[in-house]
Amino acid sequence: MRQGKGRGGSVPEDLLARRDEIGILARDLRAAALALWARIDANERFAADVAHELKNPLTSVRSAIETLRRVEDVEQQRRLLGIIANDAVRMDRLITDIADSSRVDAELSRVIAEPVDIAPILAVLVELNNTIRQPGEPEMILEAPEHLVAMGVEDRLVQVFRNLLGNAVSFSPEGGRVWLRARAAGPEVEVIVEDEGPGIPEARLEGIFDRFYSERPRGERFGQHSGLGLSISRQIIEGLRGRIAAENRRDAEGKVIGARFLVRLPVG
């Protein structure tokens, strides 16, 4: 393998074709090498994405500072300072979420999933939201049994559910509702978050889990989201051997009436 030229042919084909212990070893080594190369590629893409996302606000700050040095109008100076402040908020959020994203895989590889009763977690999240929500903000409705146990890591599951609920709230219309449903589904526990928002573009039902996906509702405060929340949620759920997906809610005529996120976690 060390003498191979690049990635292709690093394990001789004649060894891969063998049906004895040497063939098994050769195929396992190739699988390990492919997994390592995939991780190297993923790290390279992640570094490029981070550099791109940080470059935008940094360029904006530099431009604002250069302009600020030349203008004397107080109102223009105030607007430029506001731009700098917003970009600082954006970078702070990005750096925090980037650091969290980079830790997820390593953390989940060290911990052991254990039985977690997610029912009281969901109840607390809904009660907290309904207690502090402002007039016009969506009401959360919980539909779940008193006890519902899945395999996971409690802190990370809380993070996923908070991400999904926060996402649903941000896209909900004034006075809307957000439903949080949970049930046992054979060998899995299913958690569903539904909203009454505009839904998800059909072409982006998978892409919304990409890093730095940035389609946000109009009027949202700048820098509040980094575009990493759903990506981190997928990292966590898949690291716990679960699944997460998105789809649109539709009425009887097929019209989109909101978005739906589905999380499935193993029971054992």
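Just so you know, these numbers come straight off a predicted model, no measurement behind them. (Residues numbered from 1 in each chain as written. Predicted model: local features only at pLDDT ≥ 70, side-chain atom pairs only at ≥ 80, totals over all residues. Heavy atoms only, no water.)

**Describing the overall build of the protein**
- Along the protein, the regular secondary structure elements total six helices and seven strands.
- Here the C-alpha radius of gyration of the protein, 23 Å, is well above what a compact globule of 268 residues would show, namely 18 Å.
- Projecting the C-alpha coordinates of the protein onto the three principal axes gives extents of approximately 75 × 60 × 40 Å.
- For the protein, with 268 residues in total, the buried portion stands at 38%.
- Taking the contacts inside the protein whose residues are at least 6 apart along the sequence as the reference set, 69% of them involve residues at least 24 apart.
- Surface accessibility of the protein: about 16,100 Å² in total, with carbon and sulfur atoms responsible for 52%.
- Charged side chains in the protein number 38 positive and 43 negative. The centres of these two groups are separated by 5 Å. (Helix = DSSP H or I, 4+ residues; strand = E, 2+ residues; numbered from the N terminus. Rg over C-alpha atoms; globule rule 2.2 N^0.38 Å. Buried < 20%, exposed > 50% of the residue type's maximum accessible area, 1.4 Å probe, protein only. Contact = heavy atoms within 4.5 Å. Areas by Shrake-Rupley, 256 points an atom, 1.4 Å probe, with all protein chains shown as cover. Lys, Arg positive; Asp, Glu negative; His and termini not counted. Charge placed at Lys NZ, Arg CZ, Asp CG, Glu CD.)

**Comments concerning the environment of leucine 94**
- Mapped onto the elements of the fold, leucine 94 is located in helix α3 (residues 74–110).
- Remark: the alpha-carbon pair of leucine 94 and leucine 228, spanning 134 residues in sequence, is separated by 8.2 Å.

**Focus: helix α5 (residues 154–171)**
- For α5, spanning 18 residues, the distance from its first C-alpha to its last is 26 Å, which sits close to the expected 26 Å at 1.5 Å a residue.
- Residues of α5 that are buried: Arg156, Leu157, Gln159, Val160, Phe161, Leu164, Leu165, Asn167, Ala168, Ser170 and Phe171. (Expected span 1.5 Å × (residues − 1).)

**Notes on the packing of aromatic side chains**
- Following the criterion strictly, the structure yields one aromatic pair and no others.
- Directly above the ring of phenylalanine 209 sits arginine 234, whose terminal nitrogen or CZ lies 4.2 Å from the centroid. (Phe/Tyr/Trp six-rings, centres within 6.5 Å; stacked < 30°, edge-to-face > 60°. Lys NZ or Arg CZ within 6 Å of the ring centre and 35° of its normal.)

**Digging into the confidence of the model for the protein**
- Mean pLDDT for the protein: 87, with 92% of residues reaching 70 or above.
- Confidence, expressed as mean pLDDT per element, reaches its minimum in the protein at helix α1 (residues 13–16) with 84 and its maximum at strand β5 (residues 188–194) with 96. (pLDDT = per-residue confidence, 0-100.)

**Overview of the pairing of strand β4 (residues 177–185)**
- Of the strand pairs in this sheet, strand β2 (residues 139–143) and β4 are connected by five bridges, and their pairing is parallel. Looking at β4, one finds that glutamate 143 is bridged to arginine 181.
- Of the pairings in the sheet, the one linking β4 to β5 comprises seven bridges and is antiparallel in character. Bridging across to β5, arginine 181 finds its partner in isoleucine 192.
- What sits between the antiparallel neighbours β4 and β5 is a turn of two residues, in which glycine 186 has the positive phi angle 65°. (Pairing = 2+ DSSP bridges.)

**Some details on the nonpolar core**
- Ile118, Leu157, Phe161, Leu164, Val191, Ile208 and Phe261 are the most contacted members of the largest nonpolar core, which totals 50 residues.
- Apart from the residues lying within four places of it in its own chain, the contact partners of isoleucine 118 are Leu148, Leu157, Phe161, Val189 and Val191. (Core = buried A, V, L, I, M, F, W, Y, C linked by side-chain atoms within 4.5 Å.)

**Some thoughts on the packing of α5 against helix α6 (residues 229–239)**
- Packing of α5 against α6 brings their axes to within 9 Å, and their N-to-C directions diverge by 145°. Crossing geometry of α5 relative to α6 is assigned as left-handed. Contact residues: Arg156, Leu157, Gln159, Val160, Asn163 and Leu164 in α5; Gly229, Leu230, Ile232, Ser233, Ile236 and Ile237 in α6. (Axes fitted to C-alpha atoms, helices over the stretch in contact; angles between N-to-C directions. Left-handed = near helix turned anticlockwise from the far one by under 90°.)

**A few points about the pairing of β5**
- Where burial is concerned, most of β5 is hidden: seven out of the seven residues are buried.
- Side chains Glu188, Glu190, Ile192 and Glu194 of β5 all project onto a buried face; the interleaved residues Val189, Val191 and Val193 project onto the opposite face, where all are buried too.
- In the sheet, β5 pairs with strand β7 (residues 256–266) via seven bridges, with the strands oriented antiparallel. Within the sheet, the bridge partner assigned to valine 189 lies in β7 and is leucine 265.

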